[in-house]
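Summary of structural features
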Amino acid sequence: LLYHSETLAGTWLGPVSVANLLQGGDPAFQYHVWVINRKAGQGCTRKFRMSPSPPSICVHLQRLTCDIFSWKLFEAGKASANMIEGPHVTFVDPRNFNNVSGMVDEARRRSQLFLQRGFTAENILISIPATEAGLQATRSLQKEGINVNLYLVGSFIHAVACAEVGAAAVTIHVGRILEWFERQRPAMAYHRDLKQHPGIESIQTIMAYFKLHRIRARLIGTQFRKMAEIALLANFDAVSVSTYQLDRLEWNIARCAPTEVPRDQVTFRASQARYPVELAREDGKFMNRVSRESRRMIEWTVYPELGKLGRAMQIIEDVVLGEVDAELELARNPKEPPHSRPESPSKCRDLTVGTPSSSLVRDQDPVPERRPSQPEEQDEDEVF
């Protein structure tokens, strides 16, 4: 991740990037998938060699699927960490966005898997969607020393609530915020002067507020649409950009230096809001304490993206279930030839795509094209 006080590389793994890799046919990644499935599957499939009853198969199938999915994330994180020093951001299933206990349990398992294999707690962040349940889950996890990155944050008051529950990082969805203001005032030509864009001002106010109150949570910017947006929002602690944007940032990094003194209006707005506001209380009813306009803005940011992430998770689950079925079939019929082993990574390129920048966060290609009946969606930025 890019910090302005120090250059610190990091990696970020999200559902869309994993779905891309699983569907992309990358030889190196396919080999890693095969190794992961063997590691996670061999221990569990031994239980099936005595012709278990169907109920037992269902129970073990669910456990085996969870094990393989967790191992996939760990192996991908390990491969990235071996190449890039710094924090690694992984995730829990975003389809559990309304399930506090489900997200807490999965985050604990994910964190424990990394800690048991040499990672430090400071170098692992678990991404959780910033829903009401996500805020509650974060409050519980931070008490246990598990660092959480709350993502899909869509407004100033939303970011403040994320800081109040103790998130280690808060990821601002820049594109959706700007689109919200453009949708509300379509007659105003913001593209002529982004400095006057109310969405830019709103995000700058978040940055000024965090700095003014010395909030420890790191602010991460994602889903930038234009190079000019990155330049105007260069005060982010870290950014997630596309490979296309990264190639140009490497040549224009001087133009993206952070602004030392925010605009007067931004500074004034940040100073008017107290901290803490006590929006994210124990009852988990954060959305009931914000204005109707803020609630609509948060929903505009969060729920369309959750739908996109859910579709990516379905792709991942289908692939994992296919591999589980192959392992179970091999366990029941050990004399049958096993499914073919992919080529070793030593004969193909590395799992990590491209040569990572020492100062910027990379992303992966979007999920493959969907059916025409579905609306076109913006790609998810991922870090590699």
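Cut-offs applied
- Residues numbered from 1 in each chain as written.
- Predicted model: local features only at pLDDT ≥ 70, side-chain atom pairs only at ≥ 80, totals over all residues.
- Heavy atoms only, no water.
- Helix = DSSP H or I, 4+ residues; strand = E, 2+ residues; numbered from the N terminus.
- Buried < 20%, exposed > 50% of the residue type's maximum accessible area, 1.4 Å probe, protein only.
- Contact = heavy atoms within 4.5 Å.
- Areas by Shrake-Rupley, 256 points an atom, 1.4 Å probe, with all protein chains shown as cover.
- Pairing = 2+ DSSP bridges.
- Right-handed = clockwise from strand over helix to strand, strands pointing away.
- pLDDT = per-residue confidence, 0-100.
- Core = buried A, V, L, I, M, F, W, Y, C linked by side-chain atoms within 4.5 Å.

Structural notes on the overall build of the chain
Check the secondary structure of the chain and you find twelve helices and seven strands. Counting every position in the chain, which comprises 384 residues, the buried fraction comes to 51%. At a minimum sequence separation of 6, the contacts of the chain that also span at least 24 residues come to 72%. With the model as given, the accessible surface of the chain reaches about 18,500 Å², and the carbon-plus-sulfur share is 50%.

Here we look at the environment of G199
By secondary structure assignment, the location of G199 is in helix 8 (residues 198-212). The buried category is assigned to G199, whose relative accessible area is 0%. Placed 44 residues apart in sequence, G199 and S155 show a C-alpha to C-alpha distance of 9.2 Å. When neighbours within four sequence positions are excluded, G199 is seen to be in contact with I177, L178 and F181.

Topic: the pairing of strand 3 (residues 124-129)
Counting buried residues in strand 3 gives six out of six residues, a clear majority hidden from the surface. Relative to strand 3, strand 2 (residues 88-91) is paired through four bridges, and the arrangement is parallel. Bridged to H88 within strand 3 is I124. In this fold, the crossover linking strand 2 to strand 3 by way of helix 4 (residues 100-115) has right-handed handedness. Note that the unit made of strand 3, helix 5 (residues 132-143) and strand 4 (residues 148-153) has a crossover that is right-handed.

Observations regarding the confidence of the model for the chain
On average, the chain scores 75 in pLDDT, and the residues at 70 or more come to 67%. Model confidence for the chain, summarised as mean pLDDT per element, is weakest for helix 2 (residues 27-45) at 63 and strongest for strand 4 at 96. Taken as a whole, residues 1-8 scores under 50 in pLDDT and shows 27 contacts with residues more than four places along the chain or in a different chain. Counting contacts from residues 47-52, a segment whose pLDDT is below 50, to residues more than four positions away or on other chains yields 13 contacts.

Focus on the environment of A137
Mapped onto the elements of the fold, A137 is located in helix 5. On the basis of relative accessibility, which here comes to 0%, the residue A137 falls in the buried class. Once the C-alpha coordinates of A137 and N98 are considered, the two residues, 39 residues apart in sequence, prove to be 10.0 Å apart. Residues in contact with A137, not counting those within four places in the same chain, are V100, M103, V104 and I128.

Digging into the sheet that holds strand 3
Reading across the sheet, the seven strands line up as 1-2-3-4-5-6-7 and stay open at both edges, with parallel pairing between neighbours. Every other strand in the sheet has two partners, leaving strand 1 (11-12) and strand 7 (238-239) as the edge strands with one partner each. Sheet analysis places strand 1 next to strand 2, joined by two bridges and oriented parallel. Residue W12 lies in a different strand from strand 2, and its bridge partner there is V89.

Topic: unusual backbone geometry
Following Y275, the chain continues into P276 via a peptide bond in cis, with omega recorded as -5°. Relative to the helices and strands, P276 is located in the loop between helix 11 (264-272) and helix 12 (292-332). Unusually for a residue other than glycine, R214 sits at a positive phi of about 55°. The exposure class assigned to R214 is exposed, which follows from its relative accessible area of 76%. The backbone of Q223 shows a phi angle near 60°, a positive value even though the residue is not glycine. By secondary structure assignment, the location of Q223 is in the loop between strand 6 (218-222) and helix 9 (227-232). According to the relative accessible area criterion, Q223 is buried, its value standing at 4%.

Points about the nonpolar core
Judged by nonpolar contacts, the single largest core of 85 residues is most densely connected at I128, L150, V170, I172, I203, F210 and F236. Residue contributions to this core peak at eleven residues, all from helix 12. Listed in part, the six residues of the second largest apolar core include W12, L125, I220 and A238.

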